[in-house]
Amino acid sequence: MEATVYLLQFNSETLFASKNLTVLWHSMCIRAQHDVQELPLPYATVRRRILAEGKYIFEPRPGWQYKIIERQLIRKPIQRKMDLFKDTVVKQS
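Thresholds applied
Residues numbered from 1 in each chain as written. Predicted model: local features only at pLDDT ≥ 70, side-chain atom pairs only at ≥ 80, totals over all residues. Heavy atoms only, no water. Helix = DSSP H or I, 4+ residues; strand = E, 2+ residues; numbered from the N terminus. Buried < 20%, exposed > 50% of the residue type's maximum accessible area, 1.4 Å probe, protein only. Contact = heavy atoms within 4.5 Å. Areas by Shrake-Rupley, 256 points an atom, 1.4 Å probe, with all protein chains shown as cover. Pairing = 2+ DSSP bridges. Axes fitted to C-alpha atoms, helices over the stretch in contact; angles between N-to-C directions.

Engineer: Outline the overall build of the protein chain, supporting the account with residue identities and numerical values.
Structural biologist: Of regular secondary structure, the protein chain possesses two helices and four strands. Taken from N to C terminus, the helices and strands of the protein chain fall in the order β-β-α-α-β-β. Each of the 93 residues in the protein chain was classed as buried or not, and the buried ones make up 27%. Looking at the protein chain alone, contacts between residues at least 24 apart form 43% of all its contacts between residues at least 6 apart. Here the protein chain displays about 7800 Å² of accessible surface, and carbon together with sulfur accounts for 54% of that area.

Engineer: Please give an account of the sheet that holds strand 4 (residues 66-73) that cites residues and values.
Structural biologist: Strand order in the open sheet formed by four strands is 2-1-4-3, with antiparallel pairing between adjacent strands. One side of each edge strand has no neighbouring strand; the edge strands of this open sheet are strand 2 (13-18) and strand 3 (55-58). In this sheet, adjacent strand axes meet at a mean angle of 25° when their direction is disregarded. With eight bridges joining them, strand 1 (residues 3-10) and strand 4 adopt antiparallel strand pairing. Residue pairing for strand 4: Gln9 is matched across the bridge by Lys67. Docked against the sheet, helix 2 (residues 43-53) engages strand 1, strand 3 and strand 4, running at close to 130° with respect to strand 3.

Engineer: Tell me about the pairing of strand 2, residues and numbers included.
Structural biologist: As paired elements, strand 1 and strand 2 share five bridges and run antiparallel to each other. Its bridge partner lying in strand 2, Leu8 is registered against Phe16. Between the antiparallel neighbours strand 1 and strand 2 lie two residues, among them Asn11 with a positive phi of about 50°.

Engineer: Please give an account of the environment of Gly63 that cites residues and values.
Structural biologist: You can see Gly63 is positioned in the loop between strand 3 and strand 4. Counting along the chain gives 52 residues from Gly63 to Asn11, while the straight-line C-alpha distance between them is 7.9 Å.

In structure tokens form, the structure reads like this:
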């Protein structure tokens, strides 16, 4: 089973990732309140857009772009080191 991770990006730079969508939405709201800007859409609307399109874009000012993007983590088995020198004999000269 693949795990879903959400990325919060600001102008194409990843700020942080979370498995919980509400954390990213609240961080956008707090930033907008701090900078006295318009607030993003309500959480339910943002969640529906992410489920439908896989992303949500919020532009509080011209040139500022916040994105929440959905990504799938692929789990790979851990590879072990090969014992290349296990059967070798050390020669003394």
